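This is what each chain is made of:
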Amino acid sequence: MNNLHFLLIDDDEIFQFIMKNTIAEVSPNITIKFFSDGEKGIDFLRQNLGEANDLPDIILLDVNMPFMDGWEFLNEYKSLQSQIKKEMDIYLLTSSNNPSDIAKAKEISALSGYLVKPISKQGIKNLISHFPTNQWYHNEF
Amino acid sequence: MLKRLLLKFVKYYLPILILSVLAVLWLYQKEHKNLIAIQQDELSNKKQLIVELLKPMIANLYYWEQYSFSESDFDPENNAHLDKKIGDFVIGMDSYSQFRLIDLSGNEVYRLNRQENGKIVKSTSLQDKGERDYYKSTTDLKKSQIYLSPLNLNQENGILELPYKPMIRGVTPIFDKQGTKLGIVVINFSAEKLLDLLKKDNHYSFILLDRSGNYLVSKDSVKEFAHLIPNSQNITFYEEHPGLGDSLRSKESTSSFKSGDLWIKTELDFINELSQTPLFQHRFADIKTNNKWVLLKHIESQVLNARLKSEIVTILLINLLAIMVILCLSYLEARSDASKKKYMQALEVMNRKLESKSTELENKNNALAIIQNKLELRNAQLLDYNNIVAHNLRAPTTSVSALVSMLGEAEDYEQAKSYFPKLQKVTHAINTLVDDLLVYVRILNDDDLVGMENIAMEPLIEASLDLYVETLDKETIEVRTDFSAWNEIKFSRIYLQSVIQNLVSNAIKYRDVSKKPVINIRTLWENDKKVLIVEDNGIGVDLDRYGSDIFKLYKRFHRGLSGKGMGLFLVKTQLESLNANIEVASVLGQGTTFKITFDNYE
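Residues numbered from 1 in each chain as written. Chains lettered and ligands numbered in written order. Predicted model: local features only at pLDDT ≥ 70, side-chain atom pairs only at ≥ 80, totals over all residues. Heavy atoms only, no water.

A.B. asks: Help me understand the overall build of chain A in this model?
C.D. replies: Counting its regular elements, chain A contains 5 helices and 6 strands. Radius of gyration (C-alpha) of chain A: 14 Å, near the 14 Å computed for a compact globule of 141 residues. By principal-axis analysis of the C-alpha atoms, chain A measures approximately 35 × 35 × 30 Å. The buried share of chain A, taken over its 141 residues, is 56%. Taking contacts inside chain A between residues at least 6 apart in sequence as the whole, the part at least 24 apart equals 68%. With the model as given, the accessible surface of chain A reaches about 6400 Å², and the carbon-plus-sulfur share is 45%. Taken as two groups, the 12 positive and 20 negative side-chain charges of chain A have centres that lie 4 Å from each other. (Helix = DSSP H or I, 4+ residues; strand = E, 2+ residues; numbered from the N terminus. Rg over C-alpha atoms; globule rule 2.2 N^0.38 Å. Buried < 20%, exposed > 50% of the residue type's maximum accessible area, 1.4 Å probe, protein only. Contact = heavy atoms within 4.5 Å. Areas by Shrake-Rupley, 256 points an atom, 1.4 Å probe, with all protein chains shown as cover. Lys, Arg positive; Asp, Glu negative; His and termini not counted. Charge placed at Lys NZ, Arg CZ, Asp CG, Glu CD.)

A.B. asks: Explain the overall build of chain B here, please?
C.D. replies: A count of helical and extended segments in chain B gives 15 helices and 22 strands. For chain B, whose C-alpha radius of gyration is 71 Å, the value lies well above the compact-globule estimate of 25 Å for 602 residues. Expressed as lengths along the three principal axes of its C-alpha atoms, the size of chain B is roughly 215 × 50 × 40 Å. Per-residue burial over chain B gives 42% buried out of 602 residues. Taking contacts inside chain B between residues at least 6 apart in sequence as the whole, the part at least 24 apart equals 66%. Carbon and sulfur atoms form 55% of the exposed surface of chain B, whose accessible area is close to 33100 Å². A distance of 3 Å separates the average location of the 75 positive side-chain charges in chain B from that of its 78 negative side-chain charges.

A.B. asks: Just checking my understanding: could you explain helix α4 (residues 99-106) of chain A for this structure?
C.D. replies: Along an α-helix, residues three or four positions apart point the same way, because every turn accommodates 3.6 residues. Regarding α4(A), the residues found buried are D101(A), I102(A) and A105(A). Looking straight down α4(A), one finds that the buried residues subtend no more than 100° of arc, so they occupy a single side. In this structure, the buried side of α4(A) is in contact with α3 (70-81), β4 (89-94) and β5 (111-116) of chain A together with α9 (301-409) of chain B. (Arc of directions from axis to C-beta.)

A.B. asks: Sorry, what's going on with the sheet that holds β5(A) here?
C.D. replies: Sheet strands associate in pairs through backbone hydrogen bonding, adopting either a parallel or an antiparallel arrangement. Residues and elements named next belong to chain A. Spatially, the 6 strands line up as an open sheet ordered β2-β1-β3-β4-β5-β6, and their pairing is parallel. The open sheet has two edge strands with one neighbour each: β2 (31-35) and β6 (137-138). Here β5 runs beside β6; their pairing, made up of 2 bridges, is parallel. By the bridge assignment for β6, Y114 is matched with H138. The sheet contacts of α4 involve β4 and β5, and relative to β5 the element is tilted by about 165°. (Pairing = 2+ DSSP bridges. Axes fitted to C-alpha atoms, helices over the stretch in contact; angles between N-to-C directions.)

A.B. asks: What is the right way to look at the packing of aromatic side chains in this model?
C.D. replies: Two aromatic rings are characterised by how far apart their centres lie and by the angle between their planes. Residue and element names in this part refer to chain B. Counted by the stated rule, this structure contains 22 aromatic pairs over all chains. Plain terms: the ring middles of W64 and F89 are 5.1 Å apart, the flat faces sit at 75° to each other, and that makes the pair edge-to-face. Linking W64 in helix α1 (residues 2-66) with F89 in helix α2 (residues 82-92), this pair joins segments that are 25 residues apart in sequence. Looking at W64, the relative accessible area reads 0%, which means it is buried. For the ring pair Y215 and F237, a centre distance of 6.1 Å and an interplane angle of 80° mean the geometry is edge-to-face. Pair noted here: Y215 is in strand β11 (residues 215-217) and F237 is in helix α5 (residues 237-240), with a separation of 22 residues, a long-range link. Look at F237 and you get buried, because its relative accessible area is 0%. (Phe/Tyr/Trp six-rings, centres within 6.5 Å; stacked < 30°, edge-to-face > 60°.)

A.B. asks: Could you clarify how one ought to interpret the sheet that holds β11(B) in this entry?
C.D. replies: Residues and elements named next belong to chain B. The strand order across the open sheet built from 5 strands is β11-β10-β15-β13-β12, with neighbouring strands paired in antiparallel fashion. Strands at the two margins of the open sheet, each flanked by one partner only, are β11 and β12 (253-258). Within the sheet, the average angular offset between the axes of one strand and its neighbour, ignoring direction, is 30°. Pairing of β12 with strand β13 (residues 261-269) involves 6 bridges; the strand directions are antiparallel.

A.B. asks: I would appreciate a short explanation of the nonpolar core in the present structure.
C.D. replies: Proteins that are soluble and globular tend to have nonpolar side chains buried together. Residues and elements named next belong to chain B. Ranked by internal contacts, the top residues of the largest apolar core, which has 58 residues, are F99 and W293. Per-element tally for this core: the top contributor is α1, with 11 residues. Grouped together as the second largest cluster of nonpolar side chains are 49 residues, I550, M566, L570 and F594 included. (Core = buried A, V, L, I, M, F, W, Y, C linked by side-chain atoms within 4.5 Å.)

A.B. asks: Quick question: what am I supposed to make of the side chain of D10(A) here?
C.D. replies: Residues and elements named next belong to chain A. Counting through the fold element by element, D10 comes out in the loop between β1 (5-9) and α1 (13-26). Looking at D10, the relative accessible area reads 0%, which means it is buried. Polar side-chain contacts of D10 include one of 2.8 Å to the side chain of K117. Those residues in contact with D10 that lie beyond four places of it in its chain are F15, Q16, F35, S36, D62, M65, L93 and K117. (Polar contact = N/O pair within 3.5 Å; in protein donor to acceptor, adjacent residues only side chain to side chain.)

A.B. asks: So what exactly am I meant to see when it comes to the pattern of salt bridges here?
C.D. replies: Two side chains with opposite charge may pair up if their charged atoms get near one another. Residue and element names in this part refer to chain B. Here the structure, examined in full by the defined rule, presents 37 salt bridges over all chains. R111 is the salt-bridge partner of E156, the closest N and O atoms lying 2.6 Å from each other. One end of the pair, E156, is in strand β6 (residues 155-156); the other, R111, is in strand β2 (residues 108-114), with 45 residues separating them in the sequence. Each member of the pair, E156 as well as R111, carries the same accessibility label: buried. When salt bridges that share partners are traced, they join R100, E108, R111 and E156 into one network. (Salt bridge = Lys/Arg side-chain N within 4 Å of Asp/Glu carboxyl O.)

Here's what the structure looks like:
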């Protein structure tokens, strides 16, 4: 349980730094990989389709990013989903609790939940405790 | 008002007046025609009466002409045997006042008189009539000729008998069997009864004239027989009415108007009328007379008008009534016309007011529509602003709080120190964002205060290109301009400069290095609106992918090219704040076209 792989797709370097620190504090066994936009993220997945070990268990996906935002990523992901040989939970990350964003997120089946920044240590712990989830999850905001 | 009233009155009354006049004229004509016809009938009856009364005398004269007198019958001493025969005859004929035989020398040889009491008396004082007209005119009468004298007054011994006795003498010659003339028979036909009959039953005055116009019957009895009575004022009808003679003499039966009086005339020519009797018709006898009478009816104008008086009064009353009714109607109509006119005027005023109100309303509507557009735009801008604050501001602030809490939990100074550059970066990002937001908010707030001026396009574009002169020269980027459609616009100079700088900057930044870059700036008209086109042949942008985001804040679509994603966001905000809008068309690898449409710009 503790040796989960995280993938954070977010262009905010500071947030990447904060998440790295937070996750390290939760458990040193949890690994985390960063991509600064959706395009880079989807490229990574595409390159590692068959290699379950390199694929993450949890993807944290920011909405606002240059070149390819979160929604576009999810679109691309959909076409890859059938080829991915691993159970993955994808959580949408956003700095706002915009109701229209939440409604839009719930429509997407590939998503497991919705997280509003900031994400605390406890937030990561809760997330892990729910993994793998087949129910809609969102943190408290 | 009074003039209109009068006009209306005349309009309605004139036809009635004309009809009335025509009716009166028609009535007059009809009345006169009737009157003339009736009077002619009456005159014709009178004429017939005269003829009928004279006929027996003709027959009697003929009888005595045929009677076989002998020479001795003309001897007063030897003709007493005639008494019985002639006496019986005269008794039966009560209109005969005398029966006489006169010999060839003019002496009466036999005479029977009818006295006032009707008794027949044989006169013994026989007179000499040799000098009388009737004797003289009959001396040359031939056999079977019968003579009728004019109607005159009886004379005895050369003196008019009083009271006047109007009479006609019938004369016929007597011949013996050998054809020798013995003398004449004279029968005095008393015309008193005839004249009485003629004077009877006349509604209008009846006049009888002889052939010379002497009065035989007149309503004024002094005029009757004035030509026979000595010392009387003898004046004929034609002398009394000089104008009438010609028109009355023109025909046997006729009528004539003179000074409003109506005259109806018919003639009685004895020879003509009596020749219809069988005696003359079959030439048993021959008539000789000079008598030609004129029968006249005279209807005076007052009498004539009186007859029509009631009808005319009726017509006058009808006219009076019509005048009153028409006056009332005209008054009402004129008044209703006036009020109608007033009403129409009021209506027109109302209409004009409504029209102006409607234009006012329309203007207000237009103003409202403009305001609504502005509000919608402002709403969208506020939503943008909201999103920017929510996403772009919240992210770094949460980062700050996370970093701060991390700082608090830092185990040593070295660890804490490693967080400072991160904090610095975040605060810098926040500052930049706040600065950008300020620019944005200023545009939103300033839109009404921004100075509008007439801007010549060419120098503005030149100035904008000058900023990039180094790049343009070094990279040999060709800039083509065409301002033939329009070259001047009223807009905010600062905004337009900013817009053009951003678009040119974008065109330079996203040029395609594999080909000679060209930037095309031109003006044109579209749907009566000014349009500015900025076109490049650069790398283009995938609008299917980014179309909805291209004008949004901090959106970047090209990896490896610097840009913070503020330019197009500003361009759109500035244009929209002044009622212009921007559209984009792009094909990857071919280029991008920005089209700015200025709504309602001079």
